[in-house]
Amino acid sequence: MAEKWQPQCGVELEPNQFYCSVCLDLLKDPVTIQCGHTYCRSCIEGCWEQEKEKGTYSCPQCRETFSPRPVLGRNTMLAEVINKASMSCLTCLASYCPAHLEPHHSFPVLKLHQLVSATVPLKEKMCTKHNKLMEVYCKTDRRCICYLCTMDYHRDHSTVSAAAERAVEQVKLSENQNAVKLRSQERQDELNEVVKAVKDFEICCQTAVKSNDELFDELISSFQNKRALIKELIEARRKTAIAEAEDLQMQLKEEIAKLRRRDDDLEQLSHTADHIHFIQIFKSLSISCESPDLPSGAVVRPKRSMEAVSDYVSDLTYDMQNLLETTWPKISATVSVTDVVLPPVPKTRGELLRYHCPLTLDPNSVNKCFVISQESKRVTSDSKEKYYVSHSDRFRIVKQVLCKEGLTGRCYWEVSWSGGAWSVAASYKDISRTSSDSEFGKNDKSWCLECSADGYTFRHNSVTKAVSGPHTSQIGVYLDYRSGTLSFYSISDTMTLLHKVCTVFTQPLYPGLGLKEGSSGCYAEVEKLMVVMPTFLLLPC
């Protein structure tokens, strides 16, 4: 019975005929070009789009060229065959369409055959050496082989059946699926959080703009009110002062008129010949006609004028400009470092080392009691001052040195020391260089951790704080400029957070080293970290 139908039903299909040589997948909407090769329509069109500028189009397999661009026609017959060749029999080593596959569902003997989807060519399941179906998995070489392979090259290898290996891998697949699903859910939650964060950030920005507009409108309104008030005050005083001056003018004019009349009377009297008349009239004319309310020198111009008002307003403008210059960097810095979301905070030394930045000490800033190494990594205390070229960046009073690199973003560096007490610092570049308050931590431009055999002390703007933690001679410093954090870690078998600064940085930060106490020979250096470092667990402060 089987011999009667088998020649009709067993259809040997060449897998290469059904696969696109571009995408290496089953043909989708197959089209055949003039040279006879067949491709997925989208694949050949994609290839030819890249050759559009050249004006000639080639076959990806045989490289035959065509011009103009050929019109693509669908290979209907091949498309139907691909659709029908749905299953492959691993026993018969043949692919079948649904109609010819029916005996495998009807005959008891054929029901025992193993059927698989025809999406993967049978050729890929065959051993290239023995042309047999690969049914064994070699654990030693981690590859699929046939039974004949277990008798020669792989005879001493650890082998199992493909089904057994599949069972093991299936367990791993389930674990991977669960892990992928869990990770996918975590990522979905993170995506939802980012979407929410973006929405909240948009609302926050809109609220900030509205609030700032209201504050500036209020400030502008206050200035405008004061501007109008000054005008009113000046105008009121102008009217009062001018009225007083005009009244004085009238009195002066009246007195001038009286004095001129008296002068005329006296002039006339001086020419009279009647002695009796002269004596009688002169007595009356000798009485003063000046107003007692207008003493001599009644007009005195004041030293203070309205120019003083303008001076006060000018001072106010200057003070406001200074206030804006002082406050604006903080406002600008806060705006520039405000993010929707932040990258994860590093939790291990390995994660911190991703942000490692190589540092070099600046010879132009080093104090003359320091000797700087050739690589500009280490400074050593010396009892005698060394000769350095004069430079405005040099620390003259305190034993300190800054690095050349100004840091923003996320940066990590490590410092080690030997002998004495050292300060590990981060500072703005415009820190004073010539006064006693240029010492790290004794101003508002630097932050430092003072390290000694007795322990640690944090200092900023002359405010000190005792810090507890393991005593080591190696300190790690992590800067997250945008989030405004500066963290100091003690490095030993574990990493311990000693102190964390939370503020708003307005300038790049320059790492620094300073000798607090110590004799000649004490040194400190910025570490040249290796690429591969052990991972230590960060312990909470």
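Residues numbered from 1 in each chain as written. Predicted model: local features only at pLDDT ≥ 70, side-chain atom pairs only at ≥ 80, totals over all residues. Heavy atoms only, no water.

The protein chain is annotated in an unreviewed UniProt entry as Tripartite motif-containing protein 65-like of Pundamilia nyererei.

J.: Before we move on, could you go through the pattern of salt bridges and cite the residues and values that matter?
T.: Working definition: two side chains of opposite charge can pair if their charged atoms are close together. Counted by the stated rule, this structure contains 18 salt bridges. The partner of aspartate 152 in a salt bridge is lysine 129, and the shortest N-O contact between them spans 3.8 Å. With aspartate 152 in the loop between strand S10 (143-145) and strand S11 (159-161) and lysine 129 in the loop between strand S8 (115-117) and strand S9 (136-138), this pair connects stretches of sequence that are 23 residues apart. Relative accessible area serves as the criterion here: at 58%, lysine 129 is assigned to the exposed category. In this structure, aspartate 430 and lysine 445 form a salt bridge, with 3.4 Å as the shortest nitrogen-oxygen distance. Here the residue aspartate 430 occupies a position in the loop between strand S16 (421-427) and strand S17 (446-452), and lysine 445 occupies one in the loop between S16 and S17, the gap between them amounting to 15 residues. Three or more residues are tied together by salt bridges with common partners; here these are Glu439, Lys442, Glu450, Arg459 and Lys516. (Salt bridge = Lys/Arg side-chain N within 4 Å of Asp/Glu carboxyl O. Helix = DSSP H or I, 4+ residues; strand = E, 2+ residues; numbered from the N terminus. Buried < 20%, exposed > 50% of the residue type's maximum accessible area, 1.4 Å probe, protein only.)

J.: Can you tell me about the packing of aromatic side chains, naming the residues and giving the values?
T.: Inspection of every chain in the model, using the stated rule, returns 9 aromatic pairs. For the pair tryptophan 447 and phenylalanine 505, a centre-to-centre distance of 5.3 Å together with 85° between the ring planes defines the contact as edge-to-face. With tryptophan 447 in strand S17 and phenylalanine 505 in the loop between strand S22 (495-502) and strand S23 (510-517), the pair connects residues that are 58 residues apart, well separated along the chain. By relative accessible area, which is 2% here, phenylalanine 505 ends up buried. Every member of this aromatic cluster is reached through a ring pair, and the members are Tyr428, Trp447, Tyr481 and Phe505. (Phe/Tyr/Trp six-rings, centres within 6.5 Å; stacked < 30°, edge-to-face > 60°.)

J.: Describe the environment of lysine 445, naming the residues involved and giving the relevant values.
T.: Classification of lysine 445 as partly exposed rests on a relative accessible area of 26%. Separated by 223 residues in the primary sequence, lysine 445 and serine 222 place their C-alpha atoms 34 Å from one another. Separated by 3.4 Å, the side chains of lysine 445 and aspartate 430 make a polar contact. (Polar contact = N/O pair within 3.5 Å; in protein donor to acceptor, adjacent residues only side chain to side chain.)

J.: Can you break down the nonpolar core residue by residue, with the values?
T.: Grouped together as the largest cluster of nonpolar side chains are 40 residues, with contacts concentrated most on Val379, Trp413, Leu449, Ile475 and Leu486. A per-element tally of this core places strand S15 (residues 410-418) first, with 4 residues. Of all hydrophobic cores here, the second largest spans 17 residues; its members include Cys40, Cys43, Leu72 and Ile82. (Core = buried A, V, L, I, M, F, W, Y, C linked by side-chain atoms within 4.5 Å.)

J.: Tell me what's going on with the packing of helix H6 (residues 162-269) against helix H7 (residues 275-285), and back it up with residues and numbers.
T.: It is the contact of H6 with H7, at a shortest axis distance of 11 Å, that shows an interaxial angle of 160°. One element, H6, and the other, H7, form an angle in the roughly antiparallel class. Classified by chirality, the crossing of H7 by H6 is left-handed. Residues Arg262, Asp265, Leu266 and Leu269 of H6 lie in contact with H7, whose contacting residues are His277, Phe278, Ile281, Phe282, Ser284 and Leu285. (Axes fitted to C-alpha atoms, helices over the stretch in contact; angles between N-to-C directions. Parallel < 35°, antiparallel > 145°, perpendicular 65-115°, else oblique. Left-handed = near helix turned anticlockwise from the far one by under 90°. Contact = heavy atoms within 4.5 Å.)

J.: Can you explain a nonpolar patch on the surface? Please cite residues and give values.
T.: Residues Phe216, Leu219, Ile220, Phe223 and Leu316 make up a contiguous nonpolar surface patch of roughly 460 Å² in combined accessible area. Turning to its location among the elements, phenylalanine 216 is positioned in helix H6. Relative accessible area serves as the criterion here: at 46%, phenylalanine 216 is assigned to the partly exposed category. (Patch = residues over 30% accessible without salt bridge, like charges linked within 9 Å, V, L, I, M, F, W, Y side chains within 5 Å. Areas by Shrake-Rupley, 256 points an atom, 1.4 Å probe, with all protein chains shown as cover.)

J.: Tell me about the pairing of strand S19 (residues 463-467), residues and numbers included.
T.: Relative to S19, strand S18 (residues 455-460) runs antiparallel, the two sharing 5 bridges. Looking across to S19, one finds that arginine 459 is bridged to threonine 464. Turn length for the S18-S19 hairpin, with the two strands adjacent in sequence and antiparallel, is 2 residues, and the turn residue asparagine 461 shows positive phi of about 55°. (Pairing = 2+ DSSP bridges.)

J.: I'd like a rundown of the environment of proline 302, residues and numbers included.
T.: Tracing the sequence through the fold places proline 302 in the loop between H7 and helix H8 (307-336). Residue classification places proline 302 among the exposed positions, given a relative accessible area of 66%. When the C-alpha atoms of proline 302 and arginine 142 are compared, they prove to be 106 Å apart, with 160 residues separating the residues in sequence.

J.: If you had to explain the environment of alanine 162 to someone new, which residues and values would you point to?
T.: When you line up the elements, alanine 162 lands in helix H6. In contact with alanine 162, other than residues within four places in its own chain, are Glu135, Val136 and Tyr137.

J.: Report on the sheet that holds S19, specifying residues and quantitative values.
T.: Strand order across the open sheet formed by 6 strands is S14-S23-S16-S17-S18-S19, with antiparallel pairing between neighbours. The outermost strands of the open sheet, each flanked by one partner alone, are strand S14 (400-402) and S19. For this sheet, the mean inter-axis angle between neighbouring strands, taken without regard to orientation, is 20°. Where S16 and S23 come together, 7 bridges link them in antiparallel fashion. Bridge pairing in S23 places tryptophan 422 opposite leucine 515.

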